[in-house]
Amino acid sequence: METVLTGITTTGTPHIGNYVGAIRPAVEASTRGDARSFFFLADYHSLVKSTDPDLVARSTLEIAAAWLAAGLDPDKVLLYRQSDIREIPELAWILTCVTAKGLMNRAHAYKAAVAENEAGGGKDADRGITMGLFSYPILMTADILMFNAHKVPVGQDQRQHVEMARDIAARFNHHFGETFVLPEADISKETAVLPGLDGRKMSKSYGNTIPLFLPEKRLRKAIMKIRTNSQLPEEPKDPDASTLFKIYQAFATPEETEAVRERYREGIGWGEMKQLLFEYVNDHLSAAREEHARLLAAPDHVEAVLRQGAEKARAVSRPFLEEIRSRVGLRPLG
Ligand code: TRP
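Residues numbered from 1 in each chain as written. Predicted model: local features only at pLDDT ≥ 70, side-chain atom pairs only at ≥ 80, totals over all residues. Heavy atoms only, no water.

Things to note about the overall build of the chain
Selection rule: The secondary structure listing takes helices from DSSP runs of H or I that are at least 4 residues long and strands from runs of E that are at least 2 residues long, numbered from the N terminus. All radius of gyration figures rest on C-alpha atoms, and the globule criterion is 2.2 Å times the number of residues raised to 0.38. Any residue under 20% of the maximum accessible area for its type is buried, any over 50% is exposed, and the rest in between are partly exposed; the area is computed with a 1.4 Å probe on protein chains only. Contacts were defined at the residue level, with two residues in contact if any of their heavy atoms lie within 4.5 Å.
Broken down by element type, the chain carries 14 helices and five strands. Compactness check: the chain gives a C-alpha radius of gyration of 22 Å against a globular reference of 20 Å for 334 residues, within 12% of the reference. A principal-axis box enclosing the C-alpha atoms of the chain has dimensions of 80 × 50 × 35 Å. Counting the 334 residues in the chain, one finds 48% classified as buried. Sequence-distant contacts, at least 24 apart, represent 77% of the contacts inside the chain between residues at least 6 apart.

So, in structure tokens, the structure goes:
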């Protein structure tokens, strides 16, 4: 059976782009039962981005609650917190020792940080860059290889990291014998396209997101803020150039989408389309929103779910790490 694995970094609150791109497909895949699925909260990764302990802890709870509220069944998949898997940082070190530094020099996130420093005209190109940021792809590689994942569903921005995981796995296998599956990124079309309030890709770094479980009134307000053009009601409009339409499409069935496409041709007004989108998204999310609120009020329950997930995951990672240790020569004497 194929193993599918993905992680979500625990900084901030999940938004509808995360929902459409990661959470919903994960939940759907897990109900199909044709793959073994690992989903985890990448809290070690969050330490690269945040030195705010309360933010890290809070967003672990919020994101776990979001996945559960969206219908992820922890009996059907392995849902765990990365930092509960003690084998991961150890594997990350072992992999660090077979990873070419040059490979890490080429990582987009690191290069972007260096480019920003250089553009700022400072003398130190590595200013503000931690070893965590630099080695981030190796930790991600350990996440993936620890469970021999075949497929890694991620956004386009993470493709390079999965390719690095593949390179590192091959390098390890070359030195120490067939040990790791070579993973592949699985990039769905939806993941790439959900636009945010300003029409650019919905992303925390652009500050253009719609948080997933906004209370109804604030959800309405956020949707009313989505950028449109100055076309008047009754003018025919191009659905494929419309952020409102793209978000609608991400939630609605193909038939419903086709019907709204027709409304665009007929010249639906922006105000009306916003109201229609709000009502649709609100109906779609309201039950999950209530469940999410219940879970936030029951952190002990969420903690217990994550611990059970970690136990199941460690039943795999403990013996596998023993094997890996032995392969590289970390073995009992005699
Ligand atoms: N780096 C990923 C992101 O920011 C999160 C992540 C961490 C991940 N480890 C992973 C994703 C392993 C897939 C597999 O989105």
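Some points on helix 8 (residues 159–176)
Keep this limit in mind: Multiplying 1.5 Å by the helix residue count minus one yields the expected span of that helix.
Over its 18 residues, helix 8 extends 26 Å from the first C-alpha to the last, a length consistent with the 26 Å expected when each residue adds 1.5 Å. Restricting attention to buried positions, one finds in helix 8 the residues Gln160, His161, Val162, Met164, Ala165, Ile168, Ala169, Phe172 and Asn173. Looking one or two places after helix 8, you find Gly177, whose phi comes out positive at around 95°.

Thoughts on the environment of Pro89
Here Pro89 shows up in helix 4 (residues 87–96). A relative accessible area of 34% means that Pro89 is categorised as partly exposed. It is 9.0 Å that separates the C-alpha atoms of Pro89 and Tyr44, two residues lying 45 residues apart in sequence.

Points about the domain arrangement of the chain
Interface size is often expressed as the accessible area that is lost when the parts come together. Which entries qualify depends on this criterion: Either an automatic procedure or a domain database provided the assignment from which the domain bounds are taken. Accessible area, probed at 1.4 Å, shrinks when two parts are joined; the buried area is that loss added up over both. Any Lys or Arg side-chain nitrogen located within 4 Å of an Asp or Glu carboxyl oxygen qualifies as a salt bridge.
If you check the domain split of the chain, you get domain 1 (2–194 + 299–328) and domain 2 (213–293). Between domain 1 and domain 2, the C-alpha centre-to-centre distance is 32 Å. Facing nine residues of domain 1, the contacting portion of domain 2 comprises ten residues. Buried area between domain 1 and domain 2, summed over both chains or domains, comes out near 860 Å², and the portion from carbon and sulfur atoms is 73%. Counting the surface domain 1 buries against domain 2, the share from its top three residues, Ile16, Tyr19 and Ala69, is 46%. Inspection of the region where domain 1 meets domain 2 yields zero salt bridges.

Points about the packing of helix 4 against helix 7 (residues 131–146)
Two numbers describe a pair of packed helices, the interaxial angle and the distance between the axes. The condition is simple: Axes here mean lines fitted to C-alpha atoms, for a helix over just the part in contact, with angles spanning 0 to 180 degrees between N-to-C directions. A crossing counts as left-handed when the near helix is turned anticlockwise from the far one by less than a right angle, and as right-handed when that turn is clockwise. Under the scheme applied here, ten amino acids are nonpolar (Ala, Val, Leu, Ile, Met, Phe, Trp, Tyr, Cys and Pro), four are charged (Asp, Glu, Lys and Arg), and all others, including Gly, are polar.
Contact pair helix 4 / helix 7: the axes reach a minimum separation of 8 Å and the direction vectors enclose 115°. In this structure, helix 4 meets helix 7 at a crossing whose hand is right-handed. Contacts between helix 4 and helix 7 involve Glu87, Ile88, Leu91, Ala92, Leu95 and Thr96 from the first element and Ile138, Leu139, Thr141, Ala142, Asp143, Leu145 and Met146 from the second. Tallied by class, the residues present in the contact of helix 4 with helix 7 amount to nine nonpolar, two polar and two charged.

Section: the nonpolar core
Applied cut-off: Take the buried Ala, Val, Leu, Ile, Met, Phe, Trp, Tyr and Cys residues and link them wherever side-chain atoms come within 4.5 Å; each set so joined is a nonpolar core.
Counting residues in hydrophobic clusters, the biggest one holds 53 residues, and the most contacted among them are Ile16, Trp67, Leu79, Ile210 and Phe251. Secondary structure elements with two or more residues in this core: helix 1 (16–32), strand 2 (35–42), helix 3 (53–69), helix 10 (216–224), helix 11 (243–251), helix 12 (254–266), helix 13 (270–296) and helix 14 (299–328). Counting contributing residues, this core receives three or more from each of domain 1 (2–194 + 299–328) and domain 2 (213–293). In this view, Ile210 contacts His15, Ile16, Leu197, Met202, Leu219, Ala222, Ile223 and Ile226; residues no more than four positions away in its chain are not counted. Within the second largest apolar cluster, 45 residues are counted, among which are Leu91, Ala113, Ile144 and Ile324.

Considering helix 7
Residues that lie three or four places apart on an α-helix share one face, since the helix turns once every 3.6 residues. Short version of the rule: Note on bend: the value at a residue is the angle between axes fitted to the seven residues ending there and to the seven starting there.
Taking 1.5 Å per residue, 16 residues should reach 22 Å; helix 7 reaches 21 Å between its end C-alpha atoms and fits that length. Of all the bends in helix 7, the greatest, near 40°, is centred on Pro137. Counting buried positions over the 16 residues of helix 7 gives twelve, a clear majority of the element. All of the buried residues along helix 7 are Phe134, Tyr136, Pro137, Ile138, Leu139, Met140, Thr141, Ala142, Asp143, Ile144, Leu145 and Met146.

Considering the pairing of strand 2
Heads up, the condition is: DSSP bridges decide pairing: two strands pair if at least two such bridges lie between them.
Most of strand 2 sits inside the fold, with seven of its eight residues counted as buried. The pairing of strand 1 (residues 2–9) with strand 2 spans eight bridges and is classified as parallel. Its bridge partner lying in strand 2, Thr9 is registered against Ala42. With four bridges connecting them, strand 2 and strand 3 (residues 78–81) associate as parallel partners. By the bridge assignment, Phe39 is partnered in strand 3 with Leu79.

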